[in-house]
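# Structural features, examined
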Amino acid sequence: MPRNLEGRYIRLEVVSGKNLTVPSERTPAGIYVSISHDSSRCWKSAIGILLSDESTMWADTVTLSLDASPALSVEIRASFELGRMLGNGEVIGKLKTSWNALLNHGNEPFALSFPRVRSVRPSLTLKATVLHDYDNKNSALLNSIVGGQITRDTDVGHARLAKYVASERVSHLNDAIRHFELVLDQCPVGHLHRAAALTNLAWARLKGYIQNDFQDINSITSLFREALSLCPQGHPDHSSSIYHLFEALTWRYSEENTAIYIQESAELSCKLLALCPEGTYLHSIAAGENGVDYVVSECNNLPIDASDEGIHLRRVVLKLCPLGNKYRPRALSMLALAVQARFLQRGTIDDVTESIQHHREVVSLYPEGHTERDTFLNNLALSLKYRFDHQGDSDDLNEAISLYEEALRLWPVKHKYSASSLNNLGAALHTRFKQRGDVNDIIRSVSLRREALTLCPPGNPTRDTTLNNLAVTLKTRHEKLDTSEDLDEAIDLLRDSLQLRPHGHPFRYKGLHNLSSALCSRFTQTRKNEDAEEAIRLCRESLEALPSLHPDRYFSYRRLQEAYLSRYRVQCKSADLSLAVENFRLASRHPTQGFPRRIEEAIDWACQAEVYRHDSALEAYQTCLDLFDNHVMTRSSVISRREAATAFRSAQSLTVDAASCAIRHDDLRQAVELLEQGRGQQWSLASRLRTPLEDLKFASPELAHKLSEISQRLSDAQGSAGSANRAAADRAAIEYRRLQEQWDAVVAEIRSLQGFSRFMLPPSYSQLQAAARNGPVIILVASLYSCSAIIVPTSVLKKDFAREIRHASCMPPEETRKELQGLLRTVWDEIMLPIVIVLQRDLRVGCRSRIWLCPTATFTSIPLHAAHPFRMKPDGVTPELCLEDVYICSYTPTLSALIRSRRMMKTRATPSFAAIGQSEPGAGQGEALKTIDSELELVRKIVPVTANPTTLSGDNATRAGALDALQHNTWVHLACHGKQDHEQPYYSRFAMKDEPVTLLDIMNKDIPHAEFAFLSACHTAVGDKKTPDEVIHLAAGLQFSGFKSVIGTLWVVDDAVANHVVKAFYENMVKDLKDGAMMDCTKAAWALNRATCSVKTKVPLEQRMVFIHIGV
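A brief report on the enclosed structure follows. (Residues numbered from 1 in each chain as written. Predicted model: local features only at pLDDT ≥ 70, side-chain atom pairs only at ≥ 80, totals over all residues. Heavy atoms only, no water.)

A separate point is the overall build of the protein chain. When its secondary structure is counted, the protein chain shows 43 helices and 21 strands. A burial count over the protein chain gives 56% of its 1112 residues as buried. When contacts within the protein chain are restricted to residue pairs at least 6 apart in sequence, those whose partners lie at least 24 apart make up 71%. Only carbon and sulfur atoms are counted for the fraction: they give 50% of the accessible area of the protein chain, which is about 48100 Å². (Helix = DSSP H or I, 4+ residues; strand = E, 2+ residues; numbered from the N terminus. Buried < 20%, exposed > 50% of the residue type's maximum accessible area, 1.4 Å probe, protein only. Contact = heavy atoms within 4.5 Å. Areas by Shrake-Rupley, 256 points an atom, 1.4 Å probe, with all protein chains shown as cover.)

Moving on, we come to the packing of aromatic side chains. If you walk through the whole model with that rule in mind, you get twelve aromatic pairs. Seen from their ring centres, tyrosine 243 and phenylalanine 246 are 6.4 Å apart, and the 35° between their planes marks the pair as tilted. A residue pair is termed a helical-turn pair when its members lie 3 or 4 positions apart in one helix, as tyrosine 243 and phenylalanine 246 do in helix α6 (residues 238–256) at three residues. Summarising the burial analysis for this pair, tyrosine 243 and phenylalanine 246 share the class buried. A network of ring pairs unites the aromatic residues Phe913, Trp971, Phe1012, Phe1014, Phe1065, Tyr1066 and Phe1107 as a single cluster. The positively charged end of arginine 26 is found above the aromatic ring belonging to phenylalanine 80, 4.1 Å away from the centroid. The ring of tryptophan 852 carries the charged tip of arginine 902 above its face, separated from the ring centre by 4.7 Å. (Phe/Tyr/Trp six-rings, centres within 6.5 Å; stacked < 30°, edge-to-face > 60°. Lys NZ or Arg CZ within 6 Å of the ring centre and 35° of its normal.)

Among the nonpolar cores identified, the biggest contains 105 residues, and Met832, Leu864, Phe990, Phe1065 and Tyr1066 are the most heavily contacted of them. Among residues more than four places away in sequence, those in contact with tyrosine 1066 are Phe913, Val939, Ile942, Val943, His973, Phe1012 and Phe1014. (Core = buried A, V, L, I, M, F, W, Y, C linked by side-chain atoms within 4.5 Å.)

Moving on, we come to the pattern of salt bridges. Summed over the entire model, instances satisfying the criterion amount to 46 salt bridges. In this structure, aspartate 441 engages arginine 432 in a salt bridge whose closest nitrogen and oxygen atoms are separated by 3.0 Å. Neither residue differs from the other here; aspartate 441 and arginine 432 are each classed as buried. A salt bridge links glutamate 562 to arginine 559; the shortest N-O distance between them is 3.0 Å. Separated by three residues within a single helix, glutamate 562 and arginine 559 lie in helix α21 (residues 553–571), roughly one turn from each other. Connected via shared salt-bridge partners are Asp308, Arg342, Arg346 and Asp351. (Salt bridge = Lys/Arg side-chain N within 4 Å of Asp/Glu carboxyl O.)

Attention now moves to the packing of α6 against helix α9 (residues 292–300). Where α6 contacts α9, the axes come no closer than 11 Å and their chain directions differ by 40°. Between α6 and α9, the crossing angle belongs to the class labelled oblique. Crossing of α6 over α9 shows left-handed handedness. Contacts from Phe246, Thr250, Tyr253 and Ser254 of α6 reach α9 at Val292, Tyr294, Val295 and Glu298. (Axes fitted to C-alpha atoms, helices over the stretch in contact; angles between N-to-C directions. Parallel < 35°, antiparallel > 145°, perpendicular 65-115°, else oblique. Left-handed = near helix turned anticlockwise from the far one by under 90°.)

Another aspect to go through is unusual backbone geometry. Most peptide bonds take the trans configuration, and most residues that are not glycine carry a negative phi. One non-glycine residue, glutamate 54, adopts positive backbone phi at about 60°. The topology assignment puts glutamate 54 in the loop between β3 (41–44) and β4 (56–65). Accessibility expressed as a relative area gives 21% for glutamate 54, which makes it partly exposed. A positive phi angle is found at alanine 59, which is not glycine, with a value near 55°. Position of alanine 59 relative to the elements: it lies in strand β4.

A few words on the sheet that holds strand β17 (residues 989–990). Here three strands make up an open sheet; going across it, the order is β16-β17-β18 and the pairing antiparallel. Pairing within the sheet leaves two strands with one partner each, and these edge strands are β16 (978–979) and β18 (997–998). Pairing of β17 with β18 involves two bridges; the strand directions are antiparallel. Each residue of the ladder has a partner; that of phenylalanine 990, found in β18, is valine 997. (Pairing = 2+ DSSP bridges.)

With that out of the way, let us pick up the environment of methionine 1079. Turning to its location among the elements, methionine 1079 is positioned in the loop between α41 (1055–1070) and α42 (1084–1094). The exposure class of methionine 1079 is buried, given its relative accessible area of 6%. Taking the C-alpha atoms as reference points, methionine 1079 and alanine 947, 132 residues apart in sequence, are found 7.7 Å from one another. Once residues within four sequence positions are removed from consideration, methionine 1079 is found in contact with Arg908, Phe913, Val943, Pro944, Ala947, Trp971, Met1069, Val1070 and Leu1073.

The element strand β2 (residues 30–36) is largely enclosed, with a buried count of seven among its seven residues. Because side chains alternate across β2, one face comprises the buried residues Gly30, Tyr32, Ser34 and Ser36, and the other comprises Ile31, Val33 and Ile35, equally buried. Relative to strand β5 (residues 71–79), β2 runs antiparallel, the two sharing seven bridges. Looking across to β5, one finds that glycine 30 is bridged to serine 79.

Between α21 and helix α23 (residues 595–611), whose axes approach to 12 Å, the crossing angle comes to 15°. Relative to α23, α21 is oriented roughly parallel. Both α21 and α23 take part in a crossing whose hand is left-handed. Note on element contacts: α23 touches α21 through Arg597, Arg598, Glu601, Asp604 and Gln608, opposite Tyr554, Phe555, Arg558, Gln561, Leu565 and Arg569. Here the contact of α21 with α23 is composed, by residue class, of three nonpolar, two polar and six charged. (Nonpolar A, V, L, I, M, F, W, Y, C, P; charged D, E, K, R; others polar.)

On the surface, Glu485, Asp488, Asp492 and Asp496 cluster together into a negatively charged patch. Along the polypeptide, glutamate 485 turns up in helix α18 (residues 484–499). (Patch = residues over 30% accessible without salt bridge, like charges linked within 9 Å, V, L, I, M, F, W, Y side chains within 5 Å. Lys, Arg positive; Asp, Glu negative; His and termini not counted. Charge placed at Lys NZ, Arg CZ, Asp CG, Glu CD.)

See the structure below:
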């Protein structure tokens, strides 16, 4: 050393290192540098994290005296602990150098290279600086190199293991294991270094296991598990402990191929990646080819497991495959198939919806032209078909057919997988035939499935399924076309299929109940008892093969019902009818089958009970209505609810038939309850989210707040679930069902409170009686089975009215409407006069009292309020009284709607009146209306100033403006074009300047302070033809949104003559009104009654009777 450096100090900065390869191939926790002056003392840098390119950054500085020996040793070492080290780690590189060599580079960083390790040369970047003025009190304290026996044994173990990896000599491995065992013996339970000692021993044994030099893999995993338990989350060595166990399990799986080890490896991978920052060596190893990639690839090759544990694994694997990962499509597909399989076992709708979501993403990742797109199209289509079977949404079925068609086009002719596509498309067409009845669908289905069978010769593993599928389709064609050869062939094919599905086969049960159904069909033709006996035996066998909650037990119950009923029809044994009914009951109430099939079964049950006069008919109807309620409640938008309600063509008269059944059983109270439950269902479901909670707030403020909050979120979710994007709609539907479950749970909790046992349940008769508080409510029931002792030619009367109204509108005002008068005379004589007699004679309801009409079914299209004898009394001078002379008539869609309106009348807001008119609506909404402005002016002049009247017309009468006026006024007069949408009644609308105000817009408004609305527009109180008992029209929508009293119209309004009725109505409303007093909406029915009487000479009959009053 030059004399001028004596007594000086050197500042040595360890900047970084690269090519830091560990000789034993073990993944280090970190890397550090050791610098020693002599054999007894050394300085150690901080432990640096190894990066993915095998480099490390330190920037660690030490100040050392130059008075020591000029020679020094520099070592790079791997540390296997980030916390307190056990031993000194493993040597990566060692180099002898001198102070002079370090100081030859001035003050600039320089590289220091080390001997090669596994073909690469490790190096350090250092920087050395001489300090001329330094207080030696601040110089580094050097650590003693001399360690205890634990340290020496550990270091020897690391060195021997490195030699074993380089030479593959077992003696080195045994030596390493022996030293590590000695260390473990010195680290008993509770020792500070026990986790490190366990890990070192386990790693050495694992290296031997990988090379087949050590066999006991159980001891290896046990050691790693114990080490991990000693390094919990938060411990500095937690992540490396996870990695070591992960390595052991993946190697064990590669040798033993036992799924449990790769499954645990996947779980560990998820935890490990979350703990390791990207860019670190441990992350790159864990995420690399032999880490996560290997685990994901192997997990994707495991068979489908529909258990909760199996699905959890699939979710873990998907988490390991972020967007852009090459394994993501396969992971998505496997998760989709797993939840789909669980759906088939349990019938949980969210499972099949989740399956669809994942299949959609997979298809999006395989664009047109990709070789595997056809497979994933098939998978998505199958999930959609399953959901259609469970929920009955025709959009799902149509999309499935479209996807199957696309997939089939992608298969080459007679491709090995084309049989599956042919079968699947055939199944979807078969289902659509059952839904729509188009014979072309069933003919094509048979053709496709025959073609599929030709591609599955004897010995093909899917021949049993293909035989079964073709047989089912042939049986359905037989039912449609009555071809006996189809039925015989179907039975032969099903027997062949069963031969290929021996006892114990997972799908034997399907063949059993399909063959049972075919035999029943043949029994009804041949009446051979052996067919019925075999059918019953096969169904019983299928039930024995299925768990109690398996969705497909429904089919076994249904086939048993068919078999017993078929035999009853031939042999007339009451026991068979009882057994048939019991299986109707079991099938319609099977909880894991979808609502559409259960509803169909319950409808059939009710029909058969009526035919054979079985005493279960009323139970069947109640089951139907309950299932309908639950089915419609699962739909997340008002549009989809109506679609669900109209999907069952055989159920259009269900409610009135149920009421008729109750009447025939002398249970009038239940008849009223059934009508209330089944009619106005759409409004009831929507209004439950607006149920007043005053009483509940008093009993439990916390539950009231919780229900109010969830109800608002449910209401908001209804809109988002109506998205045109199918994937977005699926996500919204899942969220809606999640909120629905929360809502149900809160309601169940509320019902446990004293006095709230019937909260949100259909109202009982005693509750419904409140509707008749101010006058009787007449419910007219028109059923196939009875008209409640009133014989009415309803269907003809309805059509005649429609015709005569059109005819009368073309006649001069002064001409007598003889045909229309004749129809109204029929309504009086055959419907209303007998009711009036009972009201006056038995109930003593006085003349000019108010009554409410609550018509059902066909009665909803008849102007009952206008019933008139159009005859003179015997004196020949005095005309007979008509209904409106005797009583003041109002309508109510349901009793609950009337109760709701009356309840809301308890609080009244400051009056405000808005007259809204649009004489020149936007493009496509109708012609100009010349008298609108004069009508608005007329109303403005009559309405008192105490009502704070305002007018909205012309360019200001937009959709937004009209909705705002509805929201902020208690009284509204609306004069414009009205349009009833017969295809989708929720799109019925009022014409405005820009775009119309629809019924959906009105339903989304909650206006509890609103009181009265006069709808001077066409078709505002006309119900939906497909579901007349739902009473879906604009006037009902305004009543639902908060208006307690509404005047609407049954057909086209002549705006030129409507002014006379409007003027007379408002004059009667303000008649005898004292200065400063407010108008009373409960007076509206009386005012309309007086108005129509007073304009007889000015307004023709059909225009007087067009206006009706709804509400209080």
